[in-house]
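So the chains spell out like this:
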Amino acid sequence: MSASVSDDEIPLSERVKVEEKIKNEPDVKDKLRVVKKEVTGDSSDDDDIPLAQRQIKRPLEKQKPITTTDNDVDIKKEELDSEDEIPLAMRKNIKPEPMDIDKPSKKRPLEKSENKKGKKKVKKEEEEKDIYKWWEEQDQSGIAEDDSIKWTTLEHNGVLFPPEYEPHNVKMKYDGKPITLSPEAEEVASFFAALLETEHAQNPVFQKNFFNDWLQILKKDPNNPDIKEFSKCDFRPIFEKFQQEKETKKQMSKQEKLKLKEEKAKIEEPFMTAIVDGRKEKVGNFRIEPPGLFRGRGSHPKTGKLKTRVLPEQVTLNLGLNAKIPEPPKGHKWGGIVHDQTATWLATWKENVNGSIKYVFLAATSAWKGQSDMQKFEKARELKKYVKTIRENYTRELKDKISETRQRATAMYLIDRLALRAGNEKGEDEADTVGCCSLRYEHIELEPPNILHFDFLGKDSIRYQNTVEVDPQVYKNIKIFKKQVGPEHMIFDRLTTTGLNKYLNTCMKGLSAKVFRTYNASITFQEQLEKLTNENDTIPDKLLSYNRANREVAVLCNHQKAASKNHEQQISKMGDRIRAIKYQRMKLRKTLYDLDPKAKKSGPYADSESDLEEEWMIQHEKDLVAKEKDKVKIRFEKQNEKLAAENQPLLPESELTKNLKATDLLLEKLANERKAATIEAKASMTAEKTILKIEKMDERIAAIKTQTTDREENKQIALGTSKLNYIDPRISVTWCKKYNVPLEKVFSKTLLEKFRWAQKIPEDWKF
């Protein structure tokens, strides 16, 4: 079988010559066949029209359906909120929209393609075999309680400690003079230097805490200089060293980066899996966090404090009784070894800044985590049976004579209706964040007759501001409680989170305040989906409805975010994206006029496209030619790489110069087509085919406009948190099944793996 020749293999210069050769010739198709044979020796008839004349070359029946894919939106992965918010369908490499001047992708030999697909299929099947499908072995409501035995045998390789510090010996300055620091002092100084041009380093609290901790490190070695004033410290020499290293890393070749990646993977590989009851499971956060400066969220009083290096002596491992104990780093020993079969953590230690306990667990895709998630959502689902009675009870108790009961009822009302967290009292050295039970006098303002204005810092120091109309009795109670406690005191002074949860457990076994948050998030999402989704909508419009339902939940749960710094730039890019498609539409419309002159006088294709200013089109054409030149350079480099690998003579630079020069003719051609009233159609094109292409363009424009609206509405709302933690994933699965939306459109790869258990449910499932 002879190798086929694609348009990519025909030099642009030859294609431009072909254009000149056949200009004004009647039999375009035959001429192309002849010239292609001259250039490539191939006589196959596949409409190889020169690059500058070609339009999209895809058979109509094989064109992709118009859906929200990576081709529809010019958004980079890093521009989205987080990896978890990026649907799988948008996590591929974003390719530029194919223009009518673009070449089709280079064809590969069929055997290679089939072999590659075959290998991927085999690999996928092997991965599927390794997955423990626990959800198929039990009823989805029969999850064991937390205090039950979770495993019989457990083996793992412990945790991965960060490498020891290697001094760089770059001297910072104090009072204008270079100083020499001990390795430990240099390391801590480097932590601050790395953040020199961030908001953290400009924060006075951060500076104070860092400096105080650094002084203690300096005192450990008498050879360190006597440093007393932070204002005299100049960390810039170290900062500049880090900047140089960043630039060097950017300049690394692909092979060098790959080598580093492989070396890192080799070190991490032993820690990435554990053996649970004979089956392999992925481990989640197996890396011990390296030392550094604590940042915290919001106005944390401990921001800037030194997070010290965690040593093996601080770490306790949880292993099977007969499991081999991993070797600790040389010269160290483990803090302890336990065999707790009711626990799902693999390792634990206490960090020094806040004294909080850290754990290593299995990955989110593990059976333990999946069972925990299912248990959480089933508990929220169970609340449906009790919520009516609970609401009747707390509504009645709003008027109870006992103040403690009335406070509890009022708090339950706020937790239920506003999805507030219960909250816990904080110490003086912790961030001033509050929940419902710890709200203070100043956190709620009253507006007659029954409006409450909330303003406080919630979890992670995210500000909660909300104005709500409440039950008149709730308003009356808040007014009484505020009067009783006075400024700066807790409104619910006779209520604790522990006491509230203890009472809720009497209403329903296992019920706590946080279950209300999961319940209200899921039930709200399901109701909004049913309300907003239209069965006859396009997939982009269905996705807009899905995100709007998700947004309602995010607002309810106060999942806010700051608008990204490049939000306006992203919106502008999407506008350019629309104009680029309209530019293609304009050329198709002019082609239609050539095929059917009547279309120019009346009908849906008589008017020109909006938003296509002359200045924009001129610049767009220059950009298209610039991209074409880049492609010519890349193709030239790849051809020479291939020739070098085969020990063949390389193509001369003159070949590249000739091909680049040929692209200049393209700019003139595009300008002529823009100014022309009609564009000569290809021999194979008909009016019907052209209209079909125009309609496809219209659908794509509509899809991107929908996405632009969605992105604008989401600029200060974080959709990922509620989708990851509060909304039952089975609601999304049933919605996708009902409305024929691929699950990859709403779940990222991470979520698809995390919620495998949720994907095997009947289509009529309800929360």
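Use the structure listed above.
Bear in mind the structure is a predicted one, so any value in this text is a computation, not a measurement.

**Q** For this particular structure, what's the right way to read the overall build of the chain?
**A** What the chain contains, in helices and strands, is 21 helices and 15 strands. The proportion of buried residues among the 767 residues of the chain is 45%. When contacts within the chain are restricted to residue pairs at least 6 apart in sequence, long-range pairs at least 24 apart make up 71% of them. Total accessible area on the chain stands at roughly 42900 Å², and carbon and sulfur atoms take up 50% of it.

**Q** What exactly am I supposed to notice about the sheet that holds strand β10 (residues 336–338) here?
**A** Working definition: the strands of a sheet are paired by backbone hydrogen bonds and lie parallel or antiparallel to each other. As summarised here, the arrangement of the four strands in space is β10-β9-β11-β12, forming an open sheet in which the pairing is mixed. Of all the strands in the sheet, just β10 and β12 (357–361) have a single pairing partner and so form its edges. Averaged over all neighbouring strand pairs, the angle between strand axes comes to 20°, with direction disregarded. For strand β11 (residues 345–350) and β12, the ladder comprises five bridges, and the chain directions are antiparallel. Across the sheet, the residue bridging to Thr 348 is Tyr 359, located in β12.

**Q** Looking at this model, I keep getting lost on the nonpolar core. Mind explaining?
**A** In a soluble, globular protein the nonpolar side chains are often hidden away together inside. Membership of the largest hydrophobic core comes to 77 residues, with the highest contact counts inside it found for Leu 383, Leu 414 and Phe 454. Discounting chain neighbours no more than four positions away, the residues touching Leu 383 are Ile 390, Met 508, Leu 511, Val 515, Phe 516 and Tyr 519. Counting residues in hydrophobic clusters, the runner-up holds 28 residues, among them Leu 196, Ile 227, Cys 233 and Ile 238.

**Q** Please clarify how the side chain of Arg 585 should be interpreted in this entry.
**A** Following the sequence through the fold, Arg 585 ends up in helix α15 (residues 567–595). Contacts of Arg 585, omitting those with residues within four sequence positions, involve Pro 604, Tyr 605, Glu 609, Ile 694, Met 697, Asp 698 and Ile 701.

**Q** What is the right way to read the packing of aromatic side chains from this model?
**A** What characterises a pair of aromatic rings is the spacing of the ring centres plus the angle enclosed by the ring planes. Going through the model one piece at a time under the given rule, you end up with 24 aromatic pairs. Relative to Tyr 359, the ring of Trp 345 has its centre 6.0 Å away and its plane inclined at 50°; by these criteria the two rings are tilted. Within this pair, whereas Trp 345 is found in strand β11, its partner Tyr 359 is found in strand β12, the two being separated by 14 residues in sequence. Look at Trp 345 and you get buried, because its relative accessible area is 15%. On the basis of an interplanar angle of 50° and a centroid distance of 5.9 Å, the ring pair of Trp 735 and Tyr 739 is categorised as tilted.

**Q** I keep staring at the packing of α15 against helix α16 (residues 614–645) and nothing clicks. Help me out?
**A** The N-to-C vectors of α15 and α16 enclose an angle of 90°; their axes lie 11 Å apart at closest approach. Between α15 and α16, the crossing angle belongs to the class labelled roughly perpendicular. Within the contact between the two elements, α15 uses Asp 576, Arg 579, Ala 580, Tyr 583 and Met 586 and α16 uses Trp 616, Met 617, His 620, Glu 621 and Leu 624. Here the residues of the contact of α15 with α16 sort into six nonpolar, one polar and three charged.

**Q** Help me understand a nonpolar patch on the surface, please; the structure alone is not making it clear to me.
**A** A contiguous nonpolar surface patch, about 260 Å² in accessible area, is contributed by Ile 357, Tyr 359 and Phe 361. Structurally, the position occupied by Phe 361 is in strand β12. Given a relative accessible area of 36%, Phe 361 falls into the partly exposed group.

**Q** Even after reading the chapter, I still don't get the packing of α15 against helix α17 (residues 653–675), so can you show me in this structure?
**A** When two helices pack together, their arrangement is captured by the angle between the axes and the distance separating the axes. Two elements in contact, α15 and α17, have axes whose closest approach is 10 Å; the angle formed by their N-to-C orientations is 65°. Here α15 lies roughly perpendicular to α17, going by the angle between them. In the crossing of α15 with α17, the sense of the turn from one axis to the other is left-handed. Residues Tyr 583, Met 586, Lys 587 and Lys 590 of α15 form the contact with α17, whose own contacting residues are Leu 670, Glu 673, Arg 674 and Lys 675. For the contact of α15 with α17, the class distribution of residues is three nonpolar, no polar and five charged.

**Q** How should the environment of Asn 547 be read in this particular structure?
**A** For Asn 547, the location among the structural elements is in helix α14 (residues 539–556). Overall, Asn 547 belongs to the buried group, its relative accessible area being 15%. Considered as a pair, Asn 547 and Glu 713 are 166 residues apart in the sequence and their alpha carbons are 9.5 Å apart. When neighbours within four sequence positions are excluded, Asn 547 is seen to be in contact with Asp 710, Asn 714 and Leu 719.

**Q** Looking at this structure, how should I read the state of the cysteines?
**A** Note on terminology: a disulfide is the covalent bond linking the sulfur atoms of two cysteines. For the structure on display, the rule yields zero disulfides. Of the cysteine sulfurs around Cys 436, a residue in no disulfide, the closest is that of Cys 437, at 5.3 Å. A relative accessible area of 1% places Cys 436 in the buried class.

**Q** Before we go on, may I ask you to explain the sheet that holds strand β4 (residues 233–234) in this structure?
**A** With antiparallel pairing, three strands are arranged side by side in an open sheet as β3-β2-β4. One side of each edge strand has no neighbouring strand; the edge strands of this open sheet are β3 (177–178) and β4. Pairing analysis gives two bridges linking strand β2 (residues 173–174) to β4, with the strands arranged antiparallel. Along β4, the bridge assignment pairs Lys 173 with Asp 234.

**Q** In this structure, what is going on with helix α20 (residues 729–739)? I would like to understand it.
**A** Along an α-helix, a turn takes 3.6 residues, which lines up residues three or four apart on a common side. Most of α20 sits out of view: nine of its eleven residues are buried. Restricting attention to buried positions, one finds in α20 the residues Pro 729, Arg 730, Ile 731, Ser 732, Val 733, Thr 734, Trp 735, Cys 736 and Tyr 739. Tucked inside the fold, the buried residues of α20 contact α9 (367–397), α13 (513–532) and α14. The first or second residue beyond α20 is Asn 740, which carries a positive phi of 55°.

**Q** What is the right way to look at the side chain of Asp 416 in this model?
**A** For Asp 416, the location among the structural elements is in helix α10 (residues 403–418). If we skip the residues at most four places from it in the chain, Asp 416 touches Arg 391, Tyr 394, Phe 516 and Asn 520.

**Q** Would you explain the environment of Trp 214 in this entry?
**A** Structurally, the position occupied by Trp 214 is in helix α6 (residues 204–219). Since its relative accessible area comes to 0%, Trp 214 is described here as buried. Through-space distance from the C-alpha of Trp 214 to that of Leu 306 is 7.8 Å; in sequence the pair is 92 residues apart. Leaving out residues up to four positions away in the same chain, Trp 214 has contacts with Met 172, Leu 181, Ala 185, Val 188, Ala 189, Ile 227, Cys 233 and Phe 235. At 3.1 Å, the side chain of Trp 214 forms a polar contact with the backbone oxygen of Ala 185.

**Q** Whenever I open this one, α17 confuses me. Can you help?
**A** Compared with an ideal rise of 1.5 Å per residue, which puts 23 residues at 33 Å, α17 spans 35 Å between its outermost C-alpha atoms and is within 8% of the ideal. For α17, the set of buried residues is Leu 656, Asn 659, Leu 660, Ala 662, Thr 663, Leu 666, Lys 669, Leu 670, Ala 671, Glu 673 and Arg 674.

About the criteria used
Residues numbered from 1 in each chain as written. Predicted model: local features only at pLDDT ≥ 70, side-chain atom pairs only at ≥ 80, totals over all residues. Heavy atoms only, no water. Helix = DSSP H or I, 4+ residues; strand = E, 2+ residues; numbered from the N terminus. Buried < 20%, exposed > 50% of the residue type's maximum accessible area, 1.4 Å probe, protein only. Contact = heavy atoms within 4.5 Å. Areas by Shrake-Rupley, 256 points an atom, 1.4 Å probe, with all protein chains shown as cover. Pairing = 2+ DSSP bridges. Axes fitted to C-alpha atoms, helices over the stretch in contact; angles between N-to-C directions. Core = buried A, V, L, I, M, F, W, Y, C linked by side-chain atoms within 4.5 Å. Phe/Tyr/Trp six-rings, centres within 6.5 Å; stacked < 30°, edge-to-face > 60°. Parallel < 35°, antiparallel > 145°, perpendicular 65-115°, else oblique. Nonpolar A, V, L, I, M, F, W, Y, C, P; charged D, E, K, R; others polar. Patch = residues over 30% accessible without salt bridge, like charges linked within 9 Å, V, L, I, M, F, W, Y side chains within 5 Å. Salt bridge = Lys/Arg side-chain N within 4 Å of Asp/Glu carboxyl O. Left-handed = near helix turned anticlockwise from the far one by under 90°. Disulfide = S-S within 2.5 Å. Polar contact = N/O pair within 3.5 Å; in protein donor to acceptor, adjacent residues only side chain to side chain. Expected span 1.5 Å × (residues − 1).

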